[in-house]
Amino acid sequence: MTELGLPDTIQACLFDLDGVVTRTAVVHAAAWKETFDAFLRDHDGQRTFDAVADYDEYVDGRPRADGVRSFLDSRGIHLPEGTPDDPPDAPTVHGLGNRKNELLLEKIRTQGVEAYDGTLRYLEAVRAHGLRTAIVSSSANCRDVLRSIGAEHFFDVRIDGVVAAERRLPGKPHPDTFLAAAHDLGVEPARAAVFEDALAGMDAGRAGRFGYVVGVDRVGQTDALYAHGADTVVKDLAELGGKE
């Protein structure tokens, strides 16, 4: 293992955004809960959305519309797809997704976005060691979030919700977005490391046969991260080393 806590065959690092680089996973969960709880109240009074269990199982790390479908399927609810331009009050998959995004942006504006200092230090070390880097996120707001914390310069490649839609890439748990990042960096998947906090991201790392998969446990799900394919699990990337 290198000073970065990675196999010496690794040439590139692929980072998820929410929960790995930024402290926005909790804000995402709150926006999903507000969205789904309002919907469920009007739909036969079903029980509410659990911002921990349901978030981790059905929406964390997935593209917005996939998260809506996944959670509603778990409750036996099926809605029309609608279109990406649906208003946030439309009773469609995309309408609910747009409502969640509206709430998320409002929360980010009022609460701000924080970065994990340990991750920023690790990114500096990774770059200093000559490894290439990519941000891989299902969020369509990825670039704006990176700019808000002054972290856009840390990444050679960005594969986010906007790029995935343009290239028609399926989101996590499919490996396609991570594979696209490795391709754009000019690195074979076996020589790239994935850094993820979501179970769907672990599945993507395993499915893509990446050289190393690092699970970042922010919410006490170490065992689940290992079960979904992590090679190692840390609570903060500072634990991996990389200090100059």
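Our structure is the block above this text.
Residues numbered from 1 in each chain as written. Predicted model: local features only at pLDDT ≥ 70, side-chain atom pairs only at ≥ 80, totals over all residues. Heavy atoms only, no water.

Novice: I would appreciate a short explanation of the overall build of the protein chain in the present structure.
Specialist: Check the secondary structure of the protein chain and you find 10 helices and 6 strands. On C-alpha atoms alone, the protein chain measures out to a radius of gyration of 18 Å, which is about the 18 Å that the 2.2 N^0.38 rule sets for 244 residues. Expressed as lengths along the three principal axes of its C-alpha atoms, the size of the protein chain is roughly 55 × 35 × 30 Å. In the protein chain, which comprises 244 residues, the proportion classed as buried is 54%. By element, 47% of the accessible surface of the protein chain is carried by carbon and sulfur atoms, the whole surface being about 11100 Å². (Helix = DSSP H or I, 4+ residues; strand = E, 2+ residues; numbered from the N terminus. Rg over C-alpha atoms; globule rule 2.2 N^0.38 Å. Buried < 20%, exposed > 50% of the residue type's maximum accessible area, 1.4 Å probe, protein only. Areas by Shrake-Rupley, 256 points an atom, 1.4 Å probe, with all protein chains shown as cover.)

Novice: For this particular structure, what's the right way to read the nonpolar core?
Specialist: In a soluble, globular protein the nonpolar side chains are often hidden away together inside. Ranked by internal contacts, the top residues of the largest apolar core, which has 37 residues, are L6, F15, Y122, F195 and L237. Of all the secondary structure elements, the ones that give two or more residues to this core are strand 1 (12-15), helix 1 (25-41), helix 4 (93-111), helix 5 (117-128), helix 6 (142-148), strand 4 (192-196) and strand 5 (212-216). The element contributing the most residues to this core is helix 5, with 5 residues. The residues contacting F195, other than those within four sequence positions of it, are L6, C13, L14, F15, D16, V20, Y122, V214, L237 and L240. V136, V157, V163 and A204 belong to the second-largest nonpolar core, a separate cluster that totals 17 residues. (Core = buried A, V, L, I, M, F, W, Y, C linked by side-chain atoms within 4.5 Å. Contact = heavy atoms within 4.5 Å.)

Novice: Please explain the sheet that holds strand 6 (residues 232-234) as it appears in this structure.
Specialist: Strand pairing in a sheet takes place through backbone hydrogen bonds and is either antiparallel or parallel in direction. What the 6 strands build is an open sheet, ordered 3-2-1-4-5-6; its pairing is parallel. Each edge of the sheet is formed by a strand with only one pairing partner; in this case those strands are strand 3 (157-159) and strand 6. Taken over all neighbouring pairs, the strand axes of this sheet differ in orientation by 20° on average, direction set aside. Against the sheet, helix 5 touches strand 1, strand 2 (132-136) and strand 4, its axis set at about 155° to strand 1. On top of the sheet, helix 9 (residues 199-207) reaches strand 4 and strand 5; it is set at about 175° to strand 5, its chief contact. (Pairing = 2+ DSSP bridges. Axes fitted to C-alpha atoms, helices over the stretch in contact; angles between N-to-C directions.)

Novice: Looking at this structure, I do not really get the side chain of N98. What am I missing?
Specialist: With respect to the helices, strands and loops of the structure, N98 is situated in helix 4. From its side chain, N98 meets the backbone oxygen of P84 in a polar contact 3.1 Å long. Setting aside residues no more than four positions away along its own chain, N98 makes contact with R64, P84, D85, D86 and P88. (Polar contact = N/O pair within 3.5 Å; in protein donor to acceptor, adjacent residues only side chain to side chain.)

Novice: Looking at this structure, I do not really get helix 8 (residues 176-185). What am I missing?
Specialist: Residues separated by three or four positions in an α-helix point in the same direction, a consequence of the helix having 3.6 residues per turn. Restricting attention to buried positions, one finds in helix 8 the residues T177, F178, A180, A181, A182 and L185. For helix 8, the elements touching its buried residues are strand 1, strand 2, strand 3, helix 7 (161-167), strand 4 and helix 9. Just past helix 8, the residue G186 takes up positive phi, approximately 75°.

Novice: Which parts of the structure should I look at to understand the packing of helix 3 (residues 64-74) against helix 4?
Specialist: When two helices pack together, their arrangement is captured by the angle between the axes and the distance separating the axes. Orientation of helix 3 relative to helix 4, taken along the N-to-C sense of each, is 115°, at an axis distance of 9 Å. One way to sum up the angle between helix 3 and helix 4 is to call them roughly perpendicular. Helix 3 and helix 4 meet at a crossing whose hand is right-handed. Along the contact surface, helix 3 presents R64, A65, V68, R69 and L72, while helix 4 presents V93, H94, L96, G97, N98, K100 and N101. (Parallel < 35°, antiparallel > 145°, perpendicular 65-115°, else oblique. Left-handed = near helix turned anticlockwise from the far one by under 90°.)

Novice: Explain helix 3 to me, please; I cannot follow it from the model alone.
Specialist: Within the sequence span of helix 3, burial applies to A65, G67, V68, S70, F71 and L72. For helix 3, the elements touching its buried residues are helix 1, helix 2 (53-59) and helix 4. G76 occupies a position one or two residues after helix 3 and carries a positive phi of about 70°.

Novice: So what exactly am I meant to see when it comes to the packing of helix 1 against helix 4 here?
Specialist: Across the interface, helix 1 lies against helix 4 with an axial gap of 9 Å and an inter-helix angle of 135°. Classified by the angle their axes make, helix 1 and helix 4 are oblique. By crossing handedness, the relation of helix 1 to helix 4 is classed as right-handed. Together, V27, H28, A30, A31, W32, E34, T35, F36 and F39 of helix 1 and L96, R99, K100, L103, L104, K107, I108 and Q111 of helix 4 make up the contact between the two elements. Class assignment of the residues belonging to the contact of helix 1 with helix 4 gives a composition of 10 nonpolar, 3 polar and 4 charged. (Nonpolar A, V, L, I, M, F, W, Y, C, P; charged D, E, K, R; others polar.)

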